[in-house]
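Chain by chain, the residues run as shown.
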Amino acid sequence: MALTDPLVSSAHGITAWGLYALKNGYRTETLTGTRTLTDADPVIVGLDPDGAKTVVLDGVSTAIYDDAIHGLMRVIVNRAGGAEDITVDDATGVTIGTISQNELAIFYHDGIGSDGSAGSGWALVAIVSVALS
C-alpha cells in the first residue's frame, strides 16, 4: 500500500502531532529575550543567544502531564559567537540544563506512562561539543 498522505495516521500509526514535531527541518535564529519552544517549532533549532538567554521547553505549566508531547525530543544548538550560555527550563521554571557556546543538547519528554501514570516531564539526555560551520 502506497502512503499517499503522510498526515493520515491510520496509514502508518504515527499521530499527526508526532509528524508535525518532525516537520520544518532545522531553523536558526538570534534570541532577543526568553524563547518558548512549542510544537510549532522544529525538533532541531540553532540559537544564537546574543548574551545569556533562557529557552523554555513547551510553554504550558501542566505540560509534564500532556500526552500530546509524550516522546517528543528537542535538539538545541548554541550558535553563540562568544562565551554565551543558553539556560533551558521546563514550563514550571525548573532549569533542565545549560548549553555553552559550540555545544548541542538533546532533551526528551517522557509524558504519560502507558499505565496512565505521569512521567517526570523534560529531561536532559546529553550535551555534546560540536564544530559549527
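Above this note sits the structure.
Criteria and thresholds
Per chain, residues are indexed from 1 in the order of the written sequence. Thresholds applied to this predicted model are a pLDDT of at least 70 for local features of residues and 80 or more for the giving and counting of side-chain atom pairs; totals over whole chains, interfaces and linings are not thresholded and use all residues. Working from all heavy atoms in the structure, the side-chain values ignore hydrogens and water. Among buried residues, those of type Ala, Val, Leu, Ile, Met, Phe, Trp, Tyr and Cys that are joined through side-chain atoms within 4.5 Å constitute a nonpolar core. Under the scheme applied here, a residue whose accessible area is under 20% of the maximum for its type counts as buried, over 50% as exposed, and between as partly exposed, the area being computed with a 1.4 Å probe on protein chains only. Numbering of helices and strands runs from the N terminus, with a helix taken as a DSSP run of H or I at least four residues long and a strand as a DSSP run of E at least two residues long. The contact definition used throughout considers only heavy atoms, calling two residues in contact when any of these lie within 4.5 Å. The charge count treats Lys and Arg as positive and Asp and Glu as negative. His and the chain ends do not count. A side-chain nitrogen of Lys or Arg and a carboxyl oxygen of Asp or Glu constitute a salt bridge if their distance falls within 4 Å. Counting of polar contacts relies on pairs of N or O atoms within 3.5 Å, with two restrictions inside protein: one atom must be capable of donating a hydrogen and the other of accepting it, and residues adjacent in sequence are counted only when both atoms are side-chain atoms. In this scheme, strands are said to pair when DSSP sees at least two bridges between them. Note on definitions: angles span 0 to 180 degrees between N-to-C directions of axes, and those axes are lines fitted to C-alpha atoms, for helices only across the stretch in contact.

**Q** Which residues make up the nonpolar core, and what values do they have?
**A** Formed by 16 residues in total, the largest nonpolar core has its most connected members in Leu57, Ile76 and Phe107. Residue assignment for this core shows that the elements contributing at least two residues are strand 3 (44-48), strand 4 (53-57), strand 6 (86-90), strand 7 (95-99) and strand 8 (103-109). Residues contacting Leu57, with those up to four places away along its chain left out, are Leu37, Arg74, Ile76, Val88, Asp89, Asp90, Ala91, Ile96, Phe107 and Trp122.

**Q** Tell me what's going on with the side chain of Arg74, and back it up with residues and numbers.
**A** Along the chain, Arg74 turns up in strand 5 (residues 73-78). In this structure Arg74 is buried but unpaired, with Asp41 as the nearest side chain of opposite charge at 5.3 Å. At a separation of 2.7 Å, a polar atom in the side chain of Arg74 contacts the main-chain carbonyl oxygen of Thr38. Here Asp41 takes part through its backbone oxygen, which lies 3.4 Å from a polar atom of the side chain of Arg74.

**Q** Can you break down the sheet that holds strand 2 (residues 35-37) residue by residue, with the values?
**A** The strand order 2-4-6-7 describes an open sheet built from four strands, whose pairing is mixed. The open sheet has two free edges, formed respectively by strand 2 and strand 7, since each of these has just one partner strand. The sheet shows a mean angle of 25° between the axes of neighbouring strands, direction not considered. Here strand 4 runs beside strand 6; their pairing, made up of five bridges, is parallel. Paired with Thr54 across the two strands is Thr87, which belongs to strand 6.

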